Amino acid sequence: MADNGTRYLGRSLTAGQYGRHGGELVLSERPLGQLIQITAWGGDTVSFAGVVGQLGLSGLPAFGGTVEAGGVEVFRLAPGRLWLRADDGDAALARVGLSTGPEWAALDLSHSRAVISASGAEVEELMARLVTVDCSLAALPPGRFSQTALHEVSVVVFRRSAEDFEIWVPVT
């Protein structure tokens, strides 16, 4: 598995600074890196115990939450489903031992998403116009994400910090 530094939106996204006074909103594309989906059966706790242990975590994040360990971000999407994301690809994810186990299977999704980064003082206003989920700081604090739709396209909205969002869009 090679590191995915591909930029998919080069012709479609005009990166730059936007806003009423120029600069309150910054849009750019960032590389996704390596993204692995792990699907389990038989219950999260039992099925993911090996993955959680190899990453050095004490447990799984809450649904819609993330944790970071050893250069790997763990996203808990649903019962029996995790995403593991790393900037350095093979180096970080190799520690997890991603061969299919008796209670789970791994799928490389590294080329399935493009990441639009939106940041700045006006980012919550932008998110309110784009998606139907509440992206306020109280409803979606840093380190949390939501799966929603953007004009009937399934996307993941991930809040990295108070003024920094990522919108993970499918690549077709």
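Notes on the structure follow. Because the structure is a prediction, the values reported are computed rather than measured.

Quick word on the sheet that holds strand β3 (residues 34-40)
- Taken in spatial order, the five strands of this open sheet run β4-β5-β6-β3-β7, and their pairing is antiparallel. The open sheet terminates on both sides in strands that have one partner only, identified here as β4 (66-69) and β7 (104-108). Taking each pair of neighbouring strands and ignoring which way they run, the sheet shows an average axis angle of 25 degrees.
- Summarising the sheet, β4 and strand β5 (residues 72-78) pair through four bridges and their orientation is antiparallel. If you follow Thr 66 over to β5, its bridge partner there is Phe 75.

Some words on the pairing of strand β9 (residues 145-150)
- In this structure, β9 lies alongside strand β10 (residues 153-161), joined through six bridges in antiparallel fashion. Counterpart to Ser 146 in the pairing with β10 is Val 157.
- Between β9 and the antiparallel strand that follows it, β10, lie two residues; His 151 among them carries a positive phi value of about 50 degrees.

Regarding the pairing of strand β2 (residues 25-30)
- Burial of β2 is one-sided: the residues Leu 25, Leu 27 and Glu 29 facing one way are buried, the residues Val 26, Ser 28 and Arg 30 facing the other way are not.
- Pairing of β2 with strand β8 (residues 113-119) involves five bridges; the strand directions are antiparallel. Directly across from Leu 27, in β8, lies its bridge partner Ala 118.

Examining the packing of aromatic side chains
- In total, this model carries four aromatic pairs according to the counting rule given.
- Centroid distance Phe 75 to Phe 158: 5.0 Å. Interplanar angle 70 degrees. Geometry classified as edge-to-face. With Phe 75 in strand β5 and Phe 158 in strand β10, this residue pair connects regions lying 83 residues apart in the sequence.
- Judged by centre distance (5.6 Å) and plane angle (5 degrees), the rings of Trp 83 and Trp 168 are stacked. Of this pair, Trp 83 sits in strand β6 (residues 81-86) while Trp 168 sits in strand β11 (residues 164-170); the two residues are 85 residues apart in sequence, bridging distant segments of the chain. Here Trp 83 and Trp 168 have matching classes, each one buried.

What counts and what doesn't
Residues numbered from 1 in each chain as written. Predicted model: local features only at pLDDT ≥ 70, side-chain atom pairs only at ≥ 80, totals over all residues. Heavy atoms only, no water. Pairing = 2+ DSSP bridges. Helix = DSSP H or I, 4+ residues; strand = E, 2+ residues; numbered from the N terminus. Axes fitted to C-alpha atoms, helices over the stretch in contact; angles between N-to-C directions. Buried < 20%, exposed > 50% of the residue type's maximum accessible area, 1.4 Å probe, protein only. Phe/Tyr/Trp six-rings, centres within 6.5 Å; stacked < 30°, edge-to-face > 60°.

Read these as spatial facts, not as claims about activity.
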